[in-house]
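A closer look at the structure
The chain contents come next:
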Amino acid sequence: MKFGGTSVGNVDRIRNVARRCLATQAAGHDVVVIVSAMAGETNRLLGLAHEFGEIPDAREMDALAATGEQVTSALTAMAIHQLGGQARSLLGHQVRVVTDSAFTKARIRTIDGSRITEVNKQGAIAVVAGFQGVDDAGNITTLGRGGSDTSAVAIAAAIGADVCEIFTDVDGVYTTDPNVCPLARKINKISYEEMLELASLGAKVLQIRSVEIAMKYGVPVHVRSSFSDAEGTLVTSEDKLDRDMERLVVAGVAYDKNEAKVTLREVQDTPGVVARIFGALADKNISVDMIIQNVSSGAATDVTFTVAKADLPRAKALIAEIGPAVGMKDFVVDDSIVKVSIVGVGMRSHAGIAAKMFSLLAGEGINIQAISTSEIKVSCIVAAKYTELAVRALHTGFGLDRKDVHEEPAT
Ligand code: ASP
Ligand code: MG
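Everything numeric in this text was worked out from a predicted model, so none of it was measured. Numbering of residues starts from 1 in every chain and runs along the sequence as written. Numbering of ligands from 1 and lettering of chains from A proceed in the order in which they are written. Reporting in this predicted model follows two pLDDT cut-offs: at least 70 for local features of residues, and 80 or more for side-chain atom pairs to be given and counted; totals over whole chains, interfaces and linings ignore these cut-offs and use all residues. Excluding hydrogens and water, the side-chain values take into account all heavy atoms of the structure.

Quick look at the packing of aromatic side chains
Paired rings are identified among Phe, Tyr and Trp, the last through its six-membered ring, by centres lying within 6.5 Å, and are further divided according to the angle between planes into stacked (under 30 degrees), edge-to-face (over 60) and tilted (the rest). Under the defined criterion, the tally for this structure stands at two aromatic pairs. Geometrically, the ring pair formed by Phe 3 and Phe 167 is stacked, given 4.5 Å between the ring centres and 10° between the ring planes. Of this pair, Phe 3 sits in strand 1 (residues 2-3) while Phe 167 sits in strand 9 (residues 164-168), and the two are 164 residues apart along the sequence. For the pair shown, Phe 3 and Phe 167 are each scored as buried. By the criteria applied, helices consist of DSSP H or I runs no shorter than four residues and strands consist of E runs no shorter than two, each listed in order from the N terminus. Burial classes: relative accessible area under 20% of the type maximum marks a residue as buried, over 50% as exposed, and values in between as partly exposed (1.4 Å probe, protein chains only).

Describing the pattern of salt bridges
Salt bridge criterion: a side-chain nitrogen from Lys or Arg within 4 Å of a carboxyl oxygen from Asp or Glu. All told, the structure shown has 15 salt bridges when counted by the stated rule. Note that Arg 20 is salt-bridged to Asp 229, the shortest N-O span being 3.2 Å. With a gap of 209 residues between them, Arg 20 in helix 1 (residues 11-26) and Asp 229 in the loop between strand 11 (221-225) and strand 12 (233-236) connect regions that are remote in the sequence. On the basis of relative accessible area, Arg 20 is assigned to the buried category, the value being 14%. What makes Asp 229 exposed here is its relative accessible area of 65%. A salt bridge links Asp 136 to Arg 109; the shortest N-O distance between them is 3.4 Å. Here Asp 136, found in the loop between strand 7 (132-134) and strand 8 (140-142), pairs with Arg 109, found in strand 5 (residues 108-111); they are 27 residues apart in sequence, far enough to count as distant. Three or more residues joined by partner-sharing salt bridges are found here, namely Glu 238, Arg 348 and Glu 375.

A look at the side chain of Ser 341
Relative to the helices and strands, Ser 341 is located in strand 18 (residues 337-343). Ser 341 gets classed as buried once you look at its relative accessible area, which sits at 0%. Think of a polar contact as two N or O atoms within 3.5 Å of one another; within protein, one of them needs to be a possible hydrogen donor and the other a possible acceptor, and neighboring residues in sequence only count if both atoms come from side chains. Separated by 2.8 Å, the side chains of Ser 341 and Ser 379 make a polar contact. Not counting residues within four places of it along the chain, the set of residues in contact with Ser 341 comprises Leu 201, Gly 252, Val 253, Ala 254, Met 357, Val 378 and Ser 379. Throughout, a residue-residue contact means that at least one pair of heavy atoms, one from each residue, lies within 4.5 Å.

Remarks on the site of ligand 1
Taken together, the residues surrounding ligand 1 are Ser 36, Ala 37, Thr 42, Glu 69, Phe 131, Arg 145, Gly 146, Gly 147 and Ser 148. Between ligand 1 and Ser 36, the relevant distance is 3.1 Å, taken from an oxygen atom to a side-chain nitrogen or oxygen of the residue. Between an oxygen atom of ligand 1 and a main-chain N or O atom of Ser 148, the distance comes to 3.0 Å. Ten residue types, Ala, Val, Leu, Ile, Met, Phe, Trp, Tyr, Cys and Pro, are classed as nonpolar, four, Asp, Glu, Lys and Arg, as charged, and the remainder, Gly among them, as polar. Its residues assigned to classes, the shell around ligand 1 comprises two nonpolar, five polar and two charged. Any residue with at least one heavy atom within 4 Å of a molecule or strand is counted as near it.

Brief notes about the pairing of strand 18
Across the seven residues that make up strand 18, a large majority, seven, are buried. Burial along strand 18 is two-sided: the face carrying Ile 337, Lys 339, Ser 341 and Val 343 and the face carrying Val 338, Val 340 and Ile 342 are both buried. Two strands pair if DSSP finds at least two bridges between them. Where strand 13 (residues 252-256) meets strand 18, five bridges bridge the pair, whose relative direction is antiparallel. Looking at strand 18, one finds that Ala 254 is bridged to Ser 341. Note: strand 18 against strand 20 (residues 377-383), seven bridges, orientation antiparallel. Within strand 20, the residue paired with Ser 341 across the bridge is Ser 379.

So, the packing of helix 10 (residues 273-283) against helix 11 (residues 312-322)
Put simply, helix 10 and helix 11 touch, their axes get as near as 10 Å, and they point 140° apart. Compared by their axis directions, helix 10 and helix 11 come out oblique. Between helix 10 and helix 11 the crossing geometry is right-handed. Together, Arg 276, Ile 277, Ala 280 and Leu 281 of helix 10 and Ala 315, Leu 318, Ile 319 and Ile 322 of helix 11 make up the contact between the two elements. In this analysis, axes come from line fits to C-alpha atoms, helices being fitted only over the stretch in contact, and the angle between any two N-to-C directions falls in the range 0 to 180 degrees. Should an angle fall under 35 degrees it is taken as roughly parallel, and over 145 as roughly antiparallel, whereas 65 to 115 is taken as roughly perpendicular and any remaining angle as oblique. Handedness of a helix crossing follows the sense of rotation of the near helix relative to the far helix, less than a right angle counterclockwise being left-handed and clockwise being right-handed.

Looking at helix 1
Compared with the 22 Å implied by 1.5 Å per residue over 16 residues, the 22 Å span of helix 1 between its first and last C-alpha is a close match. Restricting attention to buried positions, one finds in helix 1 the residues Ile 14, Val 17, Ala 18, Arg 20, Cys 21 and Leu 22. Here the buried face of helix 1 lies against strand 1, strand 2 (32-35), helix 4 (67-82), strand 6 (125-129), strand 9 and strand 11. Just downstream of helix 1 lies Gly 28, where phi reads positive at about 105°. Given the number of residues in a helix, its expected span is that number minus one, multiplied by 1.5 Å.

Quick word on helix 3 (residues 58-65)
Buried within helix 3 are the following residues: Met 61, Asp 62 and Ala 65. The buried residues of helix 3 all sit within an arc of 95° when viewed along its axis, so they share a single face. Each element contacted by the buried residues of helix 3 is listed here: helix 2 (41-49), helix 4 and strand 8. Where helix 3 starts, the residue carrying a side-chain oxygen 3.3 Å from the main-chain nitrogen of Arg 59 turns out to be Asp 57. Working definition: the arc comes from the directions between the helix axis and the C-beta atoms, pointing outward to the latter.

These figures capture arrangement, not role.
Next up, the structure:
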């Protein structure tokens, strides 16, 4: 049972967590709880660190950031004690969540589940501090923002848990962002692959890495609300989806406003030019998402690509620098764009899904600026001002709208 920052945001909520854990134990389960820091705490700690320089020492950043989860694991254990239960808190280095030494974004190498199972064997609830680990040299490490999800799934895999329940402030994974599309529905079951695409494309419920681990080890993940008993969303393998009745080709619609588009006009159309441009970007650690090269008109062609907005200043400087060497006439940048995507394993067996997406967007008069596809997703770049319109049109067009809302009859 993993509880996020909002779920342990104050002492009353920590009591609520303790109650839920005890109820689960009373139902006959061995319980392991993974907690995040109290809401806002990690940001507060990182803010403090930045009082001491723009780029504080990464090792010390982790020593600091890990304290947030140390607090909640101890408090949660105390809350369980107060309600008459037995519990013991465990920090990353006590469990032995061993990671590499990439401070602030460490990756888990091994987990020794025996400390946890020992606690369970004594009839107690193990309360593990999420987000943190320890490297081979004994340094405290953290797993990147949102890393408690990854702690939870990895620990579930290590101890062979029946299920990893992720308790959060929403009641599950939605077909799209309900703030943008009021007709968004909670998804009952979704495959690992779809969840991974949705998380990568901008859905923020689960850390991407946690979904990768769940998929690799086949851990069933149940995303649900810490404030209700309602069933949430089960993330599981594709063969366990029983979408029969509501079998839909598209499982969800995602959007991401964090990209910007760069177009290099009239670069030489000769071997090695594209390699040179993207090699230079890669050398500077700038990740490129979409790439389009147009048919050349004579000896020159236009090349368009997208990067994270945060990388745009560096990308611009670099393009200005290497442009002349590839004969570039000039370049234009557009950061008022959004990437809208449809995701679904059903696309593998259905033709025409991309075409339907294009015509739904066209039907709203939305121009498509770039397209990319994978086996189970199609993404289009459109002008940012169309975000709501595009998401809603795709949501309705692919049959995802909630059925329980009665629309006002047209007058
Ligand atoms: N407390 C960490 C963060 O805010 C880890 C987590 O909550 O998952 O990123
Ligand atoms: Mg989170």
